[in-house]
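Chain residues, written in single-letter form:
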Amino acid sequence: MTDGLASGPASEPVRCTELDDLDVLSAPRRLTADDHMFTVEMPSGFLVTCRLQLFTGAGVRPVAVATQIPGDGLDVTSAAEWLAGAVWERHCPEEELPPVWIHLKLMRAGKLGPMGIRYGQFTQTDRYWPQGPLFTTITHERLQALVGVPVAMDRGTGYVPRPEEAEERRAFEKFAVVRFARPESFRAQVCMPSGVPWWLRWARQVLPRRGARSCCWYHGGDWHAVSAMALQVLKRARAQCVNLEDMEEFAVAHAVAARATDWETEALATLFDTADAIQPDRERRYANGQHRAQAMLEAGVRRTVVLRTVGR
């Protein structure tokens, strides 16, 4: 059974500046919740599921650890605000601030994915509605120090795979970036304030922009290079008949062989992650990926790889 989020009482937004230092937040805690099928329904109607481990202790902030594998619905990174808000509301509603948020994604073989263990710092929050996460990769040792007790690094024995939709087939495809719908950047509002107007997207096709910017992860590298690798991966995968669910691991192996940077490897992995790939739907909206789409539009990338429904 799934729940939507209650709106909660109106309140002034709270700035969460102390979240930067995990050492300050580290303290002995104990595992008080371990839900192998924690599920939230997004406002869009999409479902997101994960294993939730909640660690609590007297006088310290709760720590929520969310673990996903392929097939868990919407990507845990994209849904971080809603998942953290639901944990806050359902498990620790008396807390003034949301739980310290950690998430990780496992690959099909059960090993940790290329993005590793991610610490999400919410820069602002209303009651049960944390916003503006900034993600940082942390080590397993730092996670253990934060919580103070062992953290399970698997999906759990209570995992129930989603039933496959036999009438729907998805596939990765080459896609012209200029055809992307206008994104609505609900996160990086400083550097992505209002989508990309038609005149700018065409101008960038003529005068592309390369390189990285320091404002956010989405602008943190060269999407031209990543998209070029993605097209190479797609061509090789088709020649080798790689399964849809194995594409992310196949792409990461390609990036490692090509000596790609950490950012390029992570960005490439997101394009082939079936939960996190850019997914424009039939109405040219986004099931996922609009921040990366905007970064590509701003850079003038010509073609990239998206995940599409190709038949019913």
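Everything that follows concerns the structure shown earlier in this document.
What counts as what
- Residues numbered from 1 in each chain as written.
- Predicted model: local features only at pLDDT ≥ 70, side-chain atom pairs only at ≥ 80, totals over all residues.
- Heavy atoms only, no water.
- Core = buried A, V, L, I, M, F, W, Y, C linked by side-chain atoms within 4.5 Å.
- Buried < 20%, exposed > 50% of the residue type's maximum accessible area, 1.4 Å probe, protein only.
- Helix = DSSP H or I, 4+ residues; strand = E, 2+ residues; numbered from the N terminus.
- Contact = heavy atoms within 4.5 Å.
- Pairing = 2+ DSSP bridges.
- Salt bridge = Lys/Arg side-chain N within 4 Å of Asp/Glu carboxyl O.
- Patch = residues over 30% accessible without salt bridge, like charges linked within 9 Å, V, L, I, M, F, W, Y side chains within 5 Å.
- Areas by Shrake-Rupley, 256 points an atom, 1.4 Å probe, with all protein chains shown as cover.
- Lys, Arg positive; Asp, Glu negative; His and termini not counted.
- Charge placed at Lys NZ, Arg CZ, Asp CG, Glu CD.
- Axes fitted to C-alpha atoms, helices over the stretch in contact; angles between N-to-C directions.
- Parallel < 35°, antiparallel > 145°, perpendicular 65-115°, else oblique.
- Left-handed = near helix turned anticlockwise from the far one by under 90°.
- Phe/Tyr/Trp six-rings, centres within 6.5 Å; stacked < 30°, edge-to-face > 60°.
- Nonpolar A, V, L, I, M, F, W, Y, C, P; charged D, E, K, R; others polar.

Describe the nonpolar core, with residues and values.
If you look at the biggest cluster of nonpolar residues, it comprises 40 residues, and the most contacted ones within it are Phe172, Phe180, Trp223, Leu268, Leu271, Phe272 and Met296. The element that contributes the greatest number of residues to this core is helix H5 (residues 223-240), accounting for seven residues. Ignoring sequence-local partners within four residues, the contact set of leucine 271 consists of Phe172, Trp223, Val226, Ala230, Ala277, Ile278, Arg292, Met296, Thr304 and Val305. Residues Val76, Ala84, Val87 and Phe122 belong to the second largest nonpolar core, which totals 21 residues.

Requested: an account of the pairing of strand E6 (residues 112-126), with residues and values cited.
Most of E6 sits out of view: 11 of its 15 residues are buried. Bridge count for strand E5 (residues 100-106) against E6 is five bridges, and the pairing is antiparallel. Paired with isoleucine 102 across the bridge in E6 is tyrosine 119. In textbook terms, the turn of a hairpin is the stretch between consecutive antiparallel strands, and for E5 and E6 this stretch comprises five residues, one of which, glycine 110, has a positive phi near 95°. Between E6 and strand E7 (residues 129-138), which pair antiparallel in sequence order, lie two residues; one of them, tyrosine 128, sits at a positive phi of approximately 60°.

So what's going on with the pattern of salt bridges? Which residues, and what values?
Applying the stated criterion across every chain yields a total of 11 salt bridges. The residue aspartate 23 makes a salt bridge to arginine 142 at a minimum N-O spacing of 3.7 Å. Here aspartate 23, found in helix H1 (residues 22-25), pairs with arginine 142, found in helix H3 (residues 140-147); they are 119 residues apart in sequence, far enough to count as distant. Since its relative accessible area comes to 55%, aspartate 23 is described here as exposed. For arginine 142, a relative accessible area of 35% puts it in the partly exposed group. Several salt bridges converge on common partners, so that one network encompasses Asp34, Arg51 and Asp154.

So what's going on with a positive patch on the surface? Which residues, and what values?
Together, Lys174, Arg238, Arg302 and Arg303 make up a positively charged patch on the protein surface. Looking at where arginine 302 falls in the secondary structure, it is placed in the loop between helix H8 (290-299) and strand E11 (303-311).

Quick one: what's the story with the packing of H5 against helix H6 (residues 247-257), residue by residue and with numbers?
It is at 10 Å that the axes of H5 and H6 come closest, and there the two elements cross at 120°. Our classification of the angle between H5 and H6 gives oblique. As H5 runs across H6, the sense of the crossing is right-handed. Contacts from Met229, Gln232, Val233, Arg236, Ala237 and Gln240 of H5 reach H6 at Met247, Phe250, Ala251 and His254.

Explain the environment of glutamine 205 to me, using residue names and the numbers behind them.
Turning to its location among the elements, glutamine 205 is positioned in helix H4 (residues 198-206). For the pair glutamine 205 and glutamate 298, spaced 93 residues apart in sequence, the C-alpha to C-alpha distance is 9.2 Å. Beyond its immediate sequence surroundings of up to four residues, glutamine 205 is in contact with Val178, Gly300, Val301 and Arg302.

So what's going on with the packing of aromatic side chains? Which residues, and what values?
The final tally for this structure, using the stated rule, is eight aromatic pairs. Ring geometry for tryptophan 223 against tryptophan 263: centres 5.1 Å apart, planes inclined by 75°, an arrangement best described as edge-to-face. In this pair, tryptophan 223 is assigned in helix H5 and tryptophan 263 in helix H7 (residues 262-272), connecting sequence segments 40 residues apart. On the basis of relative accessible area, tryptophan 263 is assigned to the buried category, the value being 13%. Members of the aromatic cluster, connected to one another through ring pairs, are Trp217, Tyr218, Trp223 and Trp263.

Go over the packing of H5 against H8 with me, naming the residues and quoting the values.
Packing of H5 against H8 brings their axes to within 10 Å, and their N-to-C directions diverge by 110°. Regarding the angle of H5 to H8, the classification is roughly perpendicular. Residues Trp223, His224 and Ser227 of H5 lie in contact with H8, whose contacting residues are Arg292, Ala295, Met296 and Ala299. Of the residues that constitute the contact of H5 with H8, the class distribution is four nonpolar, two polar and one charged.

Can you lay out the side chain of threonine 270 for me, pointing to particular residues and giving the numbers?
Examined against the element boundaries, threonine 270 turns out to sit in helix H7. Residue classification places threonine 270 among the buried positions, given a relative accessible area of 2%. Apart from residues no more than four positions distant in its own chain, threonine 270 is found in contact with Met115, Trp217, Asp276, Ala277 and Arg292.

Please give an account of a nonpolar patch on the surface that cites residues and values.
A cluster of nonpolar side chains, contributed by Trp198, Trp199 and Trp202, occupies part of the molecular surface with about 470 Å² of accessible area. Along the chain, the position of tryptophan 202 falls in helix H4.

By themselves, these are just geometric observations and shouldn't be taken as functional.
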